[in-house]
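Coordinates in review
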Amino acid sequence: MIISRREFLRTVAATAATASLAGHDWLAEAKELDPSMTWAKAPCRFCGVGCGTLVGVRGGRVEAVTGDPASSVNRGLLCAKGYHLPAVLAGADRLRFPMLREGDNYRRLSWDEALDLVAAKYKEALGKGGPESVAIFGSGQWTIPEGYAAQKWFKAGMRSNNIDSNARLCMTSAVQGFVTTFGSDEPMGCYDDIEHADVFVLWGNNMAEMHPILFSRMLARKKAAPGTRIFDLTTRRTQTSQYADAVLLMKPQGDLAIANGICRWLLANDKFDKEFVGEHCIFQKGKTDIGYALEDKFKFQDAPEEITLDAYRALVEPYTPEKVQELAGIAPEDLLKLAEAFGDPKAHVVSYWCMGVNQHTRGTWMNNLIYAVHLLSGKIGVPGSTPFSLTGQSSACGTVREVGTSSEGLPADRRVTDPEHRAQCEKLWNVPEGTINPKPGTHALEVFRGLCHGELKVVWVQVTNPFVTLPNMHRNRDGKKACRDDSFLIVSDIYPTPTTALADLILPSACWVEKDGAFGNAERRTQQWDKMIDGPGEAKSDLWQLVEVARRMGYGALFPETKTLAKDLFEDYRRFTVGIGKDVASWEDLRMAPGLQWPVVDGKETPRRYVPGHDPYAKKEGRIDFYKAKKTNHKAVIWARPYEPPPEVPDKDYPFWLSTGRVLEHWHTGSMTRRVPELHRAMPSAYCEMNQEDADELGIYAGDNVKLTSRRGSIVLRVALNEKSVPQKGHVFVPFFDENLLINELTLDAMCPISKQPDFKKCAVKVETA
């Protein structure tokens, strides 16, 4: 049953979870209610919140799912997508057999034939073009063992760093923000900070639709503590805005000015935490006017320079309320209210952000600036005060960020560019010194540009749908059609997609509880599950596919034969984390718990990182110990990062701003959720949100079709007026879940030069009647 969005939000807002839930044996109770069904725990397959589920299996099928009341994340609740997880596995067009393209047709292969072919293609490319001629493109939906296997095969086996993932499109600005500020990736706070906060600041984050379970906890906090406030910084009024106490409608890119304006106000009014800043922070600045990474083979290296407090004060001084209004469009009195919340020593403030900050041509800078606001105000490391970067995929944190499945990454905060890190990994992998290439590989957009240009001869895509999600699709997709004879594209997936349509070889994958696995969520919580059912036909786990190919290529020493492959590879990876403040729990400990937050030492998890008395690695006396910030003597960096304009703005030819994003009913490209009848009926196709005034001026009515055109492409969409969200005048919004209406044929592939993450939120379009 699908309930209305408003009803859903009000229901979950009124639900007050109690501490007694965690101690109850809910699995036993479920088994008593229906003895014919086998129940087991598993984390949700969708977003990075990491909701716990109880999964009911009967007759080899998943027949029921409910929220796990023992999970401290969701406390028994699920969102609309989570409740429909069984149907995600049961689509009639699941891929069932390996298929090889022959002209415009496909021929079924056996698994041995398919795996031998993949191994042969990689061997041939390595022999002719070396490690730089091959790549693999994975996902934040890879399980931890899957991502680790791909990492080990590529970097310790083939000596190639050309491994990247779709998290480059959503999380790498967050990674760079953490690393450049604290010396280590991932949040220091936890979801339980919600129940202690007085103020929530949402930086371009529509949590009501994107993270509804956490938003429900936020609304429950407002009900329990009526003085609690929500500030919604946004470019359009959303479902979240309806519950906010203050909606700050800003210009695109205006968040840079707003954050700088808060920092200036804290200093100018002597409202910053002098003791905290003096003991735990330093100030730095980097390069400015750094470009937008639009060129092929774009390279950038920042040049950090330590500065004094007075020098920092001078750099933020221009961001007066009046200047912020000019750049960001928010009134001085609204900026003052927000700044006062941070300046109030008694107020506990949590900041949340996700794609609005990360998918940004200055995404790393914006992450740095949010941390600067929290560090200056001292609102960090205490219950109810934390800056918290949310994530959009089930294991973008646990796999991509922790395992390091990026072109520059190695496990547990290590980098290929660091000689000490390479030596540590070579020793743990038992490979010769010098095996790991010190040069970062190709990032996401370079992978597909390289495929189009013929530079990459073999690319394997797993667990993602890049030919829907890549920006400026014509540039990053169409060349594949022209170079098919000179390249080989392998795609592992569970359903046919626009990406499988371009594949030379399609491999059917197992999904979720059709395999053993582990995910890591946004609050550093690792969650494990056991296989519960078989996949359809001959579908196999991505882990099995990877290891079988690696063994066929002669890398069997990296992947010894075992009957517990996922568990053994997880424990192999775990060695990289122990003893350095990234300690993940053992596979067996995770089997007995609904998730544990690392670092896990002596069986005890760590809800709040860096806090002495809570984090076993925090040894320094005082309020906090940023012990991973070794280069800055355990001090966090407050960065001076200025406002810089976006690369493309509306003009007389293209007078509207276009922003893209997700919706409550669907997840990412919709390849799974659009096959759920209830979700598809609730949201059958993409649409174009417009402001009523713009529609009136153009003579457009709700339900009309309009043609959107950018400098890169055109698309025809139904107009939505005053429905889910309302853009500002001069703005339009289009979701990207609909593979039949590819909005990314219009978007611009400008990137943050530091993180190489594209900006999907800002480009110029014109609107015409269709």
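Treat the numbers as computed from the prediction; the structure is a model and nothing was measured. (Residues numbered from 1 in each chain as written. Predicted model: local features only at pLDDT ≥ 70, side-chain atom pairs only at ≥ 80, totals over all residues. Heavy atoms only, no water.)

Moving on, we get to the packing of helix α6 (residues 144-158) against helix α23 (residues 542-552). What describes two packed helices is the angle between their axes and the distance between those same axes. Relative to each other, α6 and α23 sit at 20°, their axes nearing to 8 Å. Judged by the angle between their axes, α6 and α23 are roughly parallel. Considering the relative orientation of α6 and α23, their crossing is left-handed. Judged by residue contacts, Pro145, Glu146, Ala149, Ala150 and Trp153 of α6 engage Asp542, Leu543, Leu546, Val547, Val549 and Ala550 from α23. (Axes fitted to C-alpha atoms, helices over the stretch in contact; angles between N-to-C directions. Helix = DSSP H or I, 4+ residues; strand = E, 2+ residues; numbered from the N terminus. Parallel < 35°, antiparallel > 145°, perpendicular 65-115°, else oblique. Left-handed = near helix turned anticlockwise from the far one by under 90°. Contact = heavy atoms within 4.5 Å.)

Turning our eyes to something else, we now look at the nonpolar core. The biggest cluster of nonpolar side chains holds 90 residues, and the ones touching the most others in it are Trp203, Ile258 and Tyr312. In terms of domain composition, this core takes at least three residues from each of domain 2 (99-169 + 394-559) and domain 3 (172-290 + 302-390 + 632-640). When neighbours within four sequence positions are excluded, Trp203 is seen to be in contact with Leu233, Asp255, Ile258, Ala259, Ile262, Ser351, Tyr352, Trp353, Val357, Met366 and Ile370. (Core = buried A, V, L, I, M, F, W, Y, C linked by side-chain atoms within 4.5 Å. Buried < 20%, exposed > 50% of the residue type's maximum accessible area, 1.4 Å probe, protein only. Domains from an automatic or database assignment.)

Before going further, it helps to examine the pairing of strand β19 (residues 488-493). Counting buried positions over the six residues of β19 gives six, a clear majority of the element. Residues of β19 alternate between two faces, with Phe488, Ile490 and Ser492 on one and Leu489, Val491 and Asp493 on the opposite face, all of them buried. Across five bridges, the pairing between strand β18 (residues 458-462) and β19 is parallel. Each residue of the ladder has a partner; that of Val458, found in β19, is Phe488. (Pairing = 2+ DSSP bridges.)

A few words now on helix α7 (residues 172-182). Burial analysis of α7 places nine of its eleven residues in the buried class, which makes it a mostly covered element. Of all the positions in α7, only Thr172, Ser173, Ala174, Val175, Gln176, Gly177, Phe178, Thr181 and Phe182 are classed as buried. Where α7 is buried, its residues touch α15 (355-358), α16 (363-377), β15 (386-389), α17 (396-404), β17 (414-415) and β24 (636-640). Residue Gly183 follows α7 closely and has a positive phi angle near 80°.

The next subject is the domain arrangement of the protein. According to the domain assignment, the protein consists of domain 1 (5-88), domain 2 (99-169 + 394-559), domain 3 (172-290 + 302-390 + 632-640) and domain 4 (656-747). Just the C-alpha atoms count here: the centres of domain 2 and domain 3 sit 35 Å apart. Opposite the 13 residues of domain 2 that make contact, domain 3 presents 18 residues. Taken together, the two surfaces of domain 2 and domain 3 that pack against each other cover about 1200 Å², and 38% of this comes from carbon and sulfur. Our count for the domain 2 to domain 3 interface comes out at ten residue pairs in polar contact (both at pLDDT 80 or more). Grouping the constituent residues of the side of domain 2 that touches domain 3 by class yields four nonpolar, one polar and eight charged. (Buried area = accessible area lost by both parts, 1.4 Å probe. Polar contact = N/O pair within 3.5 Å; in protein donor to acceptor, adjacent residues only side chain to side chain. Nonpolar A, V, L, I, M, F, W, Y, C, P; charged D, E, K, R; others polar.)

Turning our attention to the packing of aromatic side chains. In the structure shown here, the tally under the stated rule is 28 aromatic pairs. Relative to Trp429, the ring of Tyr148 has its centre 6.4 Å away and its plane inclined at 40°; by these criteria the two rings are tilted. Here Tyr148 is found in helix α6, whereas its partner Trp429 is found in helix α18 (residues 419-429), with 281 residues between them in sequence. The class of Trp429 is buried, set by a relative accessible area of 4%. Ring geometry for Tyr191 and Phe388: centres 5.6 Å apart, planes at 35°, overall tilted. (Phe/Tyr/Trp six-rings, centres within 6.5 Å; stacked < 30°, edge-to-face > 60°.)

If you trace the backbone, Lys155 turns up in helix α6. Within the buried set, Lys155 has no salt-bridge partner at all; the shortest N-O distance to an opposite charge, 7.1 Å, is to Glu408. From its side chain, Lys155 meets the backbone oxygen of Ser406 in a polar contact 2.7 Å long. At a separation of 2.4 Å, a polar atom in the side chain of Lys155 contacts the main-chain carbonyl oxygen of Gly409. Residues contacting Lys155, with those up to four places away along its chain left out, are Ser160, Asn161, Ile163, Gly404, Ser406, Ser407, Gly409, Leu410, Val416, Trp429, Thr435 and Ile436. (Lys, Arg positive; Asp, Glu negative; His and termini not counted. Salt bridge = Lys/Arg side-chain N within 4 Å of Asp/Glu carboxyl O.)

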